[in-house]
Amino acid sequence: MTSTIPFVLHWTTCHSHSFMESVQMTTKVSSCKSFSNPLQAKFNNFRVIGQVGFAPLWCSRSRSGCLRLRASISGGGIGGSQDAVEEEKQEKGLILGTERDGSGAVIGFHLIPQSGEVEVNEVNSVKDININNLKEAEEIEGEGKAQTRITYNIVFVTAEAAPYSKTGGLGDVCGSLPIALAARGHRVMVVSPRYLNGSTADKNFASAVDLDSRIKVYCFGGVQEVDFFHEYRDGVDWVFVDHPSYHRPGTLYGDTRGAFGDNQFRFTLLCHAACEAPLVLPLGGFTYGEKCVFLANDWHASLVPVLLAAKYRPYGVYKDARSILVIHNLSHQGVESAATYQNLGLPSEWYGALEWVFPTWARTHALDPGLAVNLLKGAVVTADRILTVSQGYSWEITTVEGGYGLHELLSDRKSIINGITNGIDVAEWDPSSDEHIPYHYSVENISEKVQCKTALQKELGLPIRPDCPLIGFIGRLDYQKGIDLIRSAIPEIMEDDVQFIMLGSGDPMFEDWMRATELAHKEKFRGWVGFNVPISHKITAGCDILLMPSRFEPCGLNQLYAMRYGTVPVVHGTGGLRDTVKNFNPYAQEGKGEGTGWTFSPLTKESMLAALKIAVRTYKEHKSSWEGLMRRGMRRDCTWENAAIQYEQVFEWAFIDPPYVSSD
Ligand SMILES: Nc1ncnc2c1ncn2[C@@H]1O[C@H](COP(=O)(O)OP(=O)(O)O[C@H]2O[C@H](CO)[C@@H](O)[C@H](O)[C@H]2O)[C@@H](O)[C@H]1O
């Protein structure tokens, strides 16, 4: 006689390579076998993965990608009462469908939610299961509630990904968010260039191996051969596109003479290669395939949505893929002369997608028709969805002031724009374990922070004064960051009893100004010109106040790092700064106070100085208020997990609609 044991299956977090560790049998499953090769279980259609009583437990994948678990039990003893239990569980949606053999006995359990609805499961990760768009249903013991989460094949396309390459926040985000998404069960690939500049930074790519999978890219009037390197780290496939144009001295985008003249070529290659990568690279033995969600970050990756629509979909490829443009900074759009369109490897009839006409005032002379191609615009009009790195910024880009000429197009697509505030790498940025800082502290033991301050003063040759308010600035010396405002306010700031440390590189004019200011105010000001990660950690830990007078700030990471280190931010109320820094109110919460810093507006020297003065006075005269500010900042939830969950929601929305641009 054939009978069935109802059992509870719990698919749970799995970071190891043992397939069976991802399956926890919570009742009546006597033992589980482990596959020596997880891929065997992962990609074969039907496999024995354990035992229920004495019977084998099978795992299979249906055509739709659903996981099915089956057990066929011989012998009596369980019978009818178990069927009743099963029925009851089905009613509650605990067992999400059964499969019966000819005799009517249950031989399988389908992990498909009863209602057909998809719920996002907030806790689990099944990276090692990794079946394309696996719909996993989960029964949580005790809660009696089934949850389902869809996992995706995600392809990040980016010009930077820390720790391999970084000039700013883009590198941070594309170095951390993929790991957070992989930890939640998605299969994640990051495609970026393999930069070699002959410096010690080249060793960042040392662990990436040549996949020996060369492809030909047809663009710029010829055929380019690119190669792929690969490293599997932290659950993510890091794929590096290799081409001689990525091997040269300087930064990622330029050298002392300015931006490289062939950046359009370099990033066109990146986009073409990134579109091929999921189709041709058998990572871990299997390609990602066509059903991917591409995250095209900033202008460098903006050709990706256009290529999907213009080069692939007309031939039936990537019909099931979706693309999301992620805007980290709208002020850079990849604009070049219209004549360069023919170089991009796109069909001529797609010119309109990239067409860009400069307003009259921006043209070089009276006869200049202002014709150009704008890569970011191409993505704005072809991507399935658009994301910015904070909610505030998602609105700002639809305004004349923040839209950098794209506000009308972006307003037209308002319904598919969302903002998700960046998280931070809480392991790298943790004052209780940071390898770059000399003393460690935490919200429970905040007193050691002052030691970091005096160590920093000592290292930089400033007078060692634990009680003197120490103000910091870290960032690119760029118009965006409001350096001109700091420059104009420095005479007044230096009149106060404060010290000021700036770390930054960029515009040579501001670099020279920092050096000159240091000479003029030896006892109070230090200007560190250059890009130095350890120093940035020391400043974040050692300062009392972080100043960020950014003209616009899509999200901003330094204020997030600062708050985590108990350093109180004083910021211009714009974009992500306004979203993340809560203005201090000493009277709220029955006098206990609330808020994590100060946001000032408008962006004038006067309002910035006023906010700084209040901050300095609070630091000096209201120690308990200051401690409250520090602690509230340190306790903020700024993990990537939070953001990753919101990204999943956007992926889901992207797949609900058909591709925004299709050839049908
Ligand atoms: N001289 C230096 N030495 C060492 N480290 C330095 C440095 N100068 C900058 N950094 C580091 O570079 C990163 C800068 O990140 P930001 O988010 O502040 O700005 P960025 O404008 O580059 O990023 C853009 O993308 C990010 C990510 O989405 C958005 O947060 C942001 O608003 C948007 O402008 C931080 O990790 C910072 O510590």
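No experiment lies behind these values; they were computed from the predicted model shown.

Before going further, it helps to spend a moment on the nonpolar core. Counting residues in each nonpolar core, the largest one holds 171 residues, and the members touching the most others are Leu354, Ile493 and Phe500. Counting the residues that make up this core, at least three belong to each of domain 1 (153-250 + 258-330 + 383-423 + 647-656) and domain 2 (447-637). When sequence neighbours within four positions are dropped, the list of residues in contact with Leu354 reads Leu303, Val306, Tyr341, Leu344, Leu346, Ala372, Val373, Asn374, Leu375, Lys377 and Gly378.

Turning our attention to the UniProt feature "domain: Glycosyl transferase family" (unreviewed entry) in the protein chain. Summarizing the sequence annotation, UniProt attributes the feature "domain: Glycosyl transferase family" (unreviewed entry) to residues 464-612 in the numbering used throughout. Spanning residues 464-612, this segment combines 38% helix with 19% strand, and its end C-alpha atoms are found 21 Å apart.

Turning next to helix α11 (residues 483-495). Relative to the 18 Å expected for 13 residues at 1.5 Å per residue, α11 spans 19 Å between its end C-alpha atoms, a close match to the ideal helical length. A bend of about 50° at Ala489 is the largest found in α11, and the proline Pro491 appears one to four places after it. Along α11, the residues that are buried comprise Ile483, Leu485, Ile486, Ala489, Ile490, Ile493 and Met494. Summarising the contacts, the buried residues of α11 are in contact with β27 (470-474), β28 (499-504), α12 (508-520), β29 (525-529), β30 (545-548) and α16 (605-621).

Moving on: the site of the ligand. Inspection of the region around the ligand gives 28 residues, with Asp172, His328, Arg476, Glu553 and Gly556 positioned closest. Backbone polar atom of Gly169 to an oxygen atom of the ligand: 2.9 Å apart, as the coordinates give it. Its free accessible area being 710 Å², the ligand has 97% of it covered by the protein chains. Sorting the residues of the shell around the ligand by element identifies α3 (169-183), β28, α13 (533-542) and α14 (558-564) as the ones contributing at least two each. For the shell around the ligand, the leading source of residues is α3, giving 4 residues.

Split into domains, the protein chain comes out as domain 1 (153-250 + 258-330 + 383-423 + 647-656) and domain 2 (447-637). Look at where the C-alpha atoms of domain 1 and domain 2 centre, and you get two points 33 Å apart. Facing 16 residues of domain 1, the contacting portion of domain 2 comprises 15 residues. For the pair domain 1 and domain 2, the summed buried area comes to about 1200 Å², and 58% of that belongs to carbon and sulfur atoms. The interface formed by domain 1 and domain 2 contains 1 salt bridge. For the salt bridge of Glu396 with Arg578, the shortest nitrogen-to-oxygen distance reads 3.2 Å. Our count for the contact surface shared by domain 1 and domain 2 stands at 9 residue pairs in polar contact (both at pLDDT 80 or more). At the level of elements, α3 and α8 (391-396) are the ones that each hand at least two residues to the side of domain 1 that touches domain 2. Tallied by class, residues from the side of domain 1 that touches domain 2 come to 3 nonpolar, 10 polar and 3 charged.

So, about the sheet that holds β27. On the basis of which strands lie adjacent, the open sheet formed by 6 strands has the order β29-β28-β27-β30-β31-β32 and parallel pairing. The open sheet is flanked by β29 and β32 (598-600), the only strands paired with a single partner. Shown here is a sheet whose adjacent strand axes are inclined to one another by a mean of 20°, direction ignored. This element, α11, spans β27, β28, β29 and β30 of the sheet and lies at about 160° to β28. Together, β30, β31 (568-572) and β32 form the strand contacts of helix α17 (residues 623-635), whose direction differs from that of β31 by roughly 80°.

Turning next to the packing of aromatic side chains. Evaluated as defined, the whole model comprises 22 aromatic pairs. Ring geometry for Trp598 versus Trp626: centroids 6.1 Å apart, planes at 25°, classification stacked. Taken together, the residues span a long stretch of sequence, with Trp598 in strand β32 and Trp626 in helix α17 at a distance of 28 residues. Each member of the pair, Trp598 as well as Trp626, is classed as buried. Within the aromatic cluster, the residues linked to one another by ring pairs are Tyr152, Tyr647, Phe651 and Phe655. In this structure, Arg248 packs its charged tip against the face of Phe260, placed 4.6 Å from the ring centre. Here the basic side chain of Arg551 rests over the ring of Tyr479, its NZ or CZ set 4.1 Å away from the ring centre.

Another point: the UniProt feature "domain: Starch synthase catalytic" (unreviewed entry) in the protein chain. Within the UniProt annotation, "domain: Starch synthase catalytic" (unreviewed entry) is assigned to residues 153-411. Helix makes up 25% of residues 153-411 and strand 26%, with an end-to-end C-alpha separation of 29 Å.

A complete count under the given rule lists 26 salt bridges for this structure. The salt bridge partner of Arg476 is Asp478, with a shortest N-O separation of 3.5 Å. Among the ionic contacts, a cluster of salt bridges with common partners joins Asp210, Asp212, Arg214, Lys216, Glu225 and Asp227.

Here the focus is the packing of helix α4 (residues 263-280) against helix α5 (residues 303-312). The angle between the axes and the distance between the axes are what describe a pair of packed helices. Where α4 meets α5, the axes come as close as 9 Å, and the angle between the chain directions of the two elements is 60°. Here α4 and α5 pass one another in a crossing that is right-handed. Contact with α4, carried on its side by Thr268, Cys271, His272, Cys275, Glu276 and Leu279, involves Leu303, Val304, Leu307, Leu308, Lys311 and Tyr312 of α5 and no other residues of that element. Residue composition of the contact of α4 with α5, grouped by class: 8 nonpolar, 2 polar and 2 charged.

Of the two faces of strand β25 (residues 385-388), both are covered, the one formed by Arg385 and Leu387 as well as the one formed by Ile386 and Thr388. Of the strand pairs in this sheet, strand β21 (residues 322-327) and β25 are connected by 4 bridges, and their pairing is parallel. Bridge assignment links Val326 to a residue of β25, and that residue is Leu387. In this sheet, strand β26 (residues 417-419) lies alongside β25 in parallel orientation, the contact comprising 3 bridges. Within the sheet, the bridge partner assigned to Ile386 lies in β26 and is Ile417.

Conventions and cut-offs
- Residues numbered from 1 in each chain as written.
- Predicted model: local features only at pLDDT ≥ 70, side-chain atom pairs only at ≥ 80, totals over all residues.
- Heavy atoms only, no water.
- Core = buried A, V, L, I, M, F, W, Y, C linked by side-chain atoms within 4.5 Å.
- Buried < 20%, exposed > 50% of the residue type's maximum accessible area, 1.4 Å probe, protein only.
- Domains from an automatic or database assignment.
- Contact = heavy atoms within 4.5 Å.
- UniProt positions renumbered as here; feature names shortened; annotations may be inferred.
- Helix = DSSP H or I, 4+ residues; strand = E, 2+ residues; numbered from the N terminus.
- Expected span 1.5 Å × (residues − 1).
- Bend = angle between axes of the 7 residues up to and from the residue.
- Near = heavy atom within 4 Å.
- Polar contact = N/O pair within 3.5 Å; in protein donor to acceptor, adjacent residues only side chain to side chain.
- Areas by Shrake-Rupley, 256 points an atom, 1.4 Å probe, with all protein chains shown as cover.
- Buried area = accessible area lost by both parts, 1.4 Å probe.
- Salt bridge = Lys/Arg side-chain N within 4 Å of Asp/Glu carboxyl O.
- Nonpolar A, V, L, I, M, F, W, Y, C, P; charged D, E, K, R; others polar.
- Pairing = 2+ DSSP bridges.
- Axes fitted to C-alpha atoms, helices over the stretch in contact; angles between N-to-C directions.
- Phe/Tyr/Trp six-rings, centres within 6.5 Å; stacked < 30°, edge-to-face > 60°.
- Lys NZ or Arg CZ within 6 Å of the ring centre and 35° of its normal.
- Left-handed = near helix turned anticlockwise from the far one by under 90°.

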